Amino acid sequence: MPRIDANLKEEIALLPKEELVKLVIAAARKSKEFHDYLMVNHINKAFGEQQLFEEAKEDLQALFFKGYNGASYELRLANMLAACSKRINEFGKVINNKSLEMDLIIIVLKEIFTVSEKSLSTCFTRYNYQIYLLVKKAIGLVNNKLHEDYKVEYVPEINRFLTILHRSSNHLDYIYALPASI
């Protein structure tokens, strides 16, 4: 992100309102992140986050059924998880309610853990690593960003994911380093 110096701030303050409106519209057209930021923080404060959450959920559902390249089923799933993580990160940059971000992570993890556990013990460790990244992010959100009341809702589900990972992929150093439970 470029740094805004004092001279530029003064020049922006001197711009007429019509020019500012044109600039904001142009920026919103150019950047989805800026568009979403405007929606959540200025245009639709009451329901903006929920609306973006619903859009993100629909995007994740579409990503689940998209065709991905890969030599094996596990590599295609790894590519799907990478795309889902990217979408969750885009959502997380815009919103302030981290429980909504956590809900998206749980949706993806529930979907991926419905796949056979045998997929976790194959030689395609990129798949395991993508799951590890999502689980690690979920643990970080629960421990550092979410209020204590949310732990009751999320901890049992995360512990179930951790149990499955340790049971099937404990031979990988990064899985072994995860806690057994939180």
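What counts as what
- Residue numbers here run from 1 along each chain, matching the order of that chain's written sequence.
- Local features are withheld for residues below a pLDDT of 70 in this predicted model, meaning they are given only at 70 or higher, and side-chain atom pairs are given and counted only at 80 or more; totals for whole chains, interfaces and linings count all residues.
- In computing side-chain properties, one takes all heavy atoms of the structure into account and sets aside hydrogens as well as water.
- By the criteria applied, helices consist of DSSP H or I runs no shorter than four residues and strands consist of E runs no shorter than two, each listed in order from the N terminus.
- Any N or O atom pair separated by 3.5 Å or less is treated as a polar contact, with the protein-specific requirement of one donor-capable and one acceptor-capable atom, and with residues adjacent in sequence counted only for side-chain atom pairs.
- Two residues form a contact once any of their heavy atoms are found within 4.5 Å.
- Space inside and on the surface of the protein is sampled on a 1 Å grid over the protein atoms alone, with a cavity defined as a set of points where a 1.4 Å probe fits but cannot get out and a pocket as an open set with protein on both sides within 12 Å along at least 5 of 7 lines; lining residues have an atom within 4 Å of a point.
- Grid points are joined across faces, edges and corners, and a volume is the space filled by probe spheres set on the points.
- Any residue outside Ala, Val, Leu, Ile, Met, Phe, Trp, Tyr, Cys, Pro, Asp, Glu, Lys and Arg is labelled polar, Gly included; the first ten of those are nonpolar and the last four are charged.
- In the sections that follow, a salt bridge refers to a side-chain nitrogen of Lys or Arg positioned within 4 Å of a carboxyl oxygen of Asp or Glu.
- Three labels apply to residues, based on accessible area from a 1.4 Å probe with only protein chains included: buried if under 20% of the type maximum, exposed if over 50%, partly exposed otherwise in between.
- Each pair of aromatic rings taken from Phe, Tyr and Trp, with Trp reduced to its six-membered ring, is defined by centres within 6.5 Å and is described as stacked if the planes are under 30 degrees apart, edge-to-face if over 60, and tilted in the remaining cases.

Asker: So what exactly am I meant to see when it comes to the side chain of His 166 here?
Answerer: Within the secondary structure layout, His 166 lies in helix H8 (residues 148-169). Here the side chain of His 166 touches Pro 179 through a polar contact of 3.1 Å, landing on its backbone oxygen. When neighbours within four sequence positions are excluded, His 166 is seen to be in contact with Ile 175, Tyr 176, Leu 178, Pro 179 and Ala 180.

Asker: Please clarify how the layout of surface pockets should be interpreted in this entry.
Answerer: To find leftover empty space, a probe the size of one water molecule is rolled over the atoms. In this structure, the second largest pocket spans a volume of roughly 170 Å³. Lining the second largest pocket are 13 residues, and of these Phe 64, Phe 65, Tyr 73, Leu 77 and Met 80 lie nearest its centre. Contributions of two or more residues to the lining of the second largest pocket are made by helix H4 (48-65), helix H5 (73-94) and helix H6 (98-112). Tallied by class, the residues present in the lining of the second largest pocket amount to eight nonpolar, two polar and three charged.

Asker: So what exactly am I meant to see when it comes to the pattern of salt bridges here?
Answerer: Close approach of charged atoms allows side chains of opposite charge to pair. Applying the stated criterion to the full structure yields eight salt bridges. Of the charged contacts in the structure, one is a salt bridge between Lys 57 and Glu 54, with a shortest N-O distance of 3.9 Å. A residue pair is termed a helical-turn pair when its members lie 3 or 4 positions apart in one helix, as Lys 57 and Glu 54 do in helix H4 at three residues. In this structure Lys 57 comes out as partly exposed when scored by relative accessible area, which is 29%. In this structure, Arg 87 and Glu 90 form a salt bridge, with 3.9 Å as the shortest nitrogen-oxygen distance. You can see Arg 87 and its partner Glu 90 sitting in helix H5, three residues apart, about one turn around the helix. Judged by its relative accessible area of 36%, Glu 90 falls in the partly exposed class.

Asker: Quick question: what am I supposed to make of the packing of aromatic side chains here?
Answerer: We describe a pair of aromatic rings using the distance from one ring centre to the other and the angle between the two ring planes. By the definition in use, this model includes six aromatic pairs. Here the aromatic rings of Phe 113 and Phe 161 are separated by 4.8 Å at their centres, their planes lie at 10°, and the arrangement is stacked. Of this pair, Phe 113 sits in the loop between H6 and helix H7 (125-145) while Phe 161 sits in helix H8, and the two are 48 residues apart along the sequence. Comparing Phe 113 with Phe 161, the two get one shared label, buried. An angle of 85° between the planes, with centres 5.2 Å apart, marks the rings of Tyr 129 and Tyr 174 as edge-to-face.

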